[in-house]
Amino acid sequence: MKLTLEWMSQLRVAAGTALQVLDCPDGVQLTEALEQAIAELPDDRSEALRPLVLVDGRRVSALLVALDGVQVLTDGNPELRPGSTLVLSSPIAGG
Amino acid sequence: MTSHPDPELSAHEQDVYSWQITVPGHGDAGQMALKGASVLISRVGGLGSVVALELAAAGVGRLVLAHGGDVQPSDLNRQLLMTHDWIGKPRIESVERRLKELNPRLETLCLAENVTAENVQGLVAESDLIVDCAPLFEERLLMNREAVATETPMVEAAMYELQAQLTTILPGRTPCLACITPHSPPAWKRRFPVFGAVSGSVGCMAAMEAIKVITGNGEPLAGKLLTYDLRDMRFLTIGIQRRPDCPVCGSAS
């Protein structure tokens, strides 16, 4: 099934792209989809992005994740539906 | 939400604000609410300068402004209240001078310091509403904690590169900042790439959020986070959620 990821803020810079389309197995869960997305990027991008998104296989707690327009709290790992869109942003501030 | 002693509008104020008094739902009552309000803005840099300018122009009666340090050349791409002739002098003096040039009726309480654990309580106590424009999460989380403790609304504005985010925290009704960012993220760096036009865009919207909360006219971004990227003009609104285990506003707090 197809999923769309939108990388924002520092994640977009690290990923080198704003949008990534994934072809995932049915029933994939959020964290697995993120693992797959990172793995499909070129090695240098993957290396830069991984520590901003996943640590020891768990999502970074400060990461903002939205599934189809609604925030997913850190301890949530929902099963994704075909055509879902994930938006991911690292925290940003003023200045 | 009125802290100013004389919210009645003079004939001169009626004239100055005549273009906005006619906005549907605003009127004299909305303008008097703005005049009676006291708003904390911290810091008053790229984002906060624009928020302060817009609120001063709109007729907010009192601004509580906190910003440490002296004007640097690298401030001038975005910090619209700083001027070239003030390089090396206190930022807060430049801020106060420019705001009073725009609105001499504006009352200001200026502190030449950034928000700290020692001063946050006093600053928030002087304010009906907070606009958080600080670059460090330590400052942002301090203001968030005090906002929740005192049930003071807080507009949260942020930016990065060509992107920006905005939400309005109504304590007791919406998620707080710690529900989104529970602690200071280690990967965040104090200095980051950004254009002044980006801070200007989100600063204007943050000022509008403050005006909506103060006057009750319009629907603020309560429980919603606006995120946008001016590189390709993508605008998204995300529904945000309270964390039951939030250390600030959750049941464990």
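Source: prediction; values computed, not measured. For every chain, the first residue of its written sequence is number 1, and the numbers climb from 1 along that sequence. Key to labels: chains lettered from A, ligands numbered from 1, both in the order written. Only residues with pLDDT of 70 or above have their local features reported here, since the model is predicted, and side-chain atom pairs are shown and tallied only from 80 upward, although totals for entire chains, interfaces and linings are computed over all residues. Note that the side-chain values use all heavy atoms of the structure and ignore hydrogens as well as water.

Caption draft 1: Here's a closer look at the overall build of chain A. Along the backbone of chain A there are 3 helices and 7 strands. Moving toward the C terminus, one meets the helices and strands of chain A in the order β-α-β-α-α-β-β-β-β-β. In summary, chain A has a C-alpha radius of gyration of 12 Å against a globular reference of 12 Å for 95 residues, a match within 12%. For chain A, the spread of C-alpha atoms along the principal axes amounts to about 40 × 30 × 25 Å. Residue burial is assigned from relative accessible area. The probe radius is 1.4 Å, only protein chains are included, and a residue is buried under 20% of its type maximum, exposed over 50%, and partly exposed in between. Per-residue burial for chain A yields a buried fraction of 55% across its 95 residues. The contacts in chain A between residues at least 6 apart in sequence include a share of 51% that link residues at least 24 apart. Working definition of accessibility: Shrake-Rupley area with a 1.4 Å probe, residue cover restricted to the visible protein chains. Total accessible area on chain A stands at roughly 4,000 Å², and carbon and sulfur atoms take up 50% of it. Every helix listed is a DSSP run of H or I at least four residues long, and every strand listed is a run of E at least two residues long, numbered separately from the N terminus. Here the radius of gyration uses the C-alpha set of atoms, whereas the globule reference equals 2.2 Å times the residue count to the power 0.38. Contact criterion: two residues are considered in contact whenever any of their non-hydrogen atoms come within 4.5 Å of each other.

Caption draft 2: Expanded view of the interface of chain A and chain B. At the junction of the two partners, chain A supplies 26 residues and chain B supplies 42 residues. Each salt bridge in this description consists of a side-chain nitrogen of Lys or Arg and a carboxyl oxygen of Asp or Glu lying within 4 Å of one another. The tally of links from chain A across to chain B stands at 3 salt bridges. Between R12 of chain A and D232 of chain B there is a salt bridge, and its shortest N-O distance comes to 4.0 Å. Two N or O atoms form a polar contact when they lie within 3.5 Å of each other; inside protein one atom must be a possible hydrogen donor and the other a possible acceptor, and for residues adjacent in sequence the pair counts only when both atoms belong to side chains. Counting across the interface, chain A meets chain B through 15 residue pairs in polar contact (both at pLDDT 80 or more). The set of elements that each furnish at least two residues to the side of chain A that touches chain B consists of β1 (2-8), α1 (10-15), β5 (64-67), β6 (70-71) and β7 (85-89) of chain A. Gly is put with the polar residues, along with every residue not named as nonpolar or charged; the nonpolar set is Ala, Val, Leu, Ile, Met, Phe, Trp, Tyr, Cys and Pro, and the charged set is Asp, Glu, Lys and Arg. Here the side of chain A that touches chain B is composed, by residue class, of 15 nonpolar, 9 polar and 2 charged.

Caption draft 3: Quick peek at the side chain of T181 of chain B. Turning to its location among the elements, T181 of chain B is positioned in the loop between α8 (177-180) and α9 (196-215). When sequence neighbours within four positions are dropped, the list of residues in contact with T181 of chain B reads A62 and P91 of chain A together with F137 and L141 of chain B.

Caption draft 4: Quick peek at the pattern of salt bridges. All names here are of chain B. Summed over the entire model, instances satisfying the criterion amount to 20 salt bridges over all chains. Across the salt bridge formed by E13 and R105, the nearest N and O atoms sit 3.9 Å from each other. Of the two residues, E13 sits in helix α1 (residues 11-16) while R105 sits in the loop between α5 (91-102) and β3 (107-111), which places them 92 residues apart along the sequence. For E126, the salt bridge is made with R62, and the minimal N-O distance between the two is 2.8 Å. Highlighted residues: E126 in the loop between α6 (120-125) and β4 (129-132) and R62 in strand β2 (residues 62-66), separated in sequence by 64 residues. Look at E126 and you get partly exposed, because its relative accessible area is 35%.

Caption draft 5: α9 of chain B, seen in detail. Residue and element names in this part refer to chain B. Its 20 residues place the ends of α9 28 Å apart at the C-alpha level, agreeing with the 28 Å of an ideal helix rising 1.5 Å per residue. Summarising burial for α9: 14 of the 20 residues are buried, a large majority. Following α9 by one or two positions, G216 has its phi on the positive side, about 75°. One less than the residue count of a helix, multiplied by 1.5 Å, gives the span that helix is expected to have.

Caption draft 6: A look at the packing of helix α4 (residues 46-58) of chain B against α9 of chain B. Residue and element names in this part refer to chain B. Axes, fitted as lines to C-alpha atoms, cover a helix only where it is in contact. Angles between the N-to-C directions of the axes lie from 0 to 180 degrees. Where α4 contacts α9, the axes come no closer than 8 Å and their chain directions differ by 45°. Judged on the interaxial angle alone, α9 and α4 are oblique. The element α4 and its partner α9 pack so that their crossing is right-handed. Along its contact with α4, which presents G46, L47, V50, V51, E54, L55 and A58, the element α9 presents S199, G200, V202, G203, C204, A206, A207, A210 and I211. By residue class, the composition of the contact of α4 with α9 is 11 nonpolar, 4 polar and 1 charged. Under this scheme an angle from 65 to 115 degrees is roughly perpendicular, one under 35 degrees roughly parallel, and one over 145 degrees roughly antiparallel; angles in between are oblique. By definition, turning the near helix anticlockwise from the far helix through less than a right angle yields a left-handed crossing, and turning it clockwise yields a right-handed one.

Caption draft 7: Region of interest: unusual backbone geometry. Look at the link from S42 of chain B to R43 of chain B: it is a cis peptide, with omega at -10°. The residue R43 of chain B is located in the loop between β1 (38-42) and α4 in this model. Phi at S9 of chain A takes a positive value of approximately 55°, unusual for a residue other than glycine. With respect to the helices and strands, S9 of chain A occurs in the loop between β1 and α1. With a phi close to 55°, E151 of chain B is a non-glycine residue in the positive phi region. Assignment of secondary structure puts E151 of chain B in the loop between α7 (137-150) and β5 (154-160).

The analysis is restricted to geometry; functional conclusions fall outside its scope.
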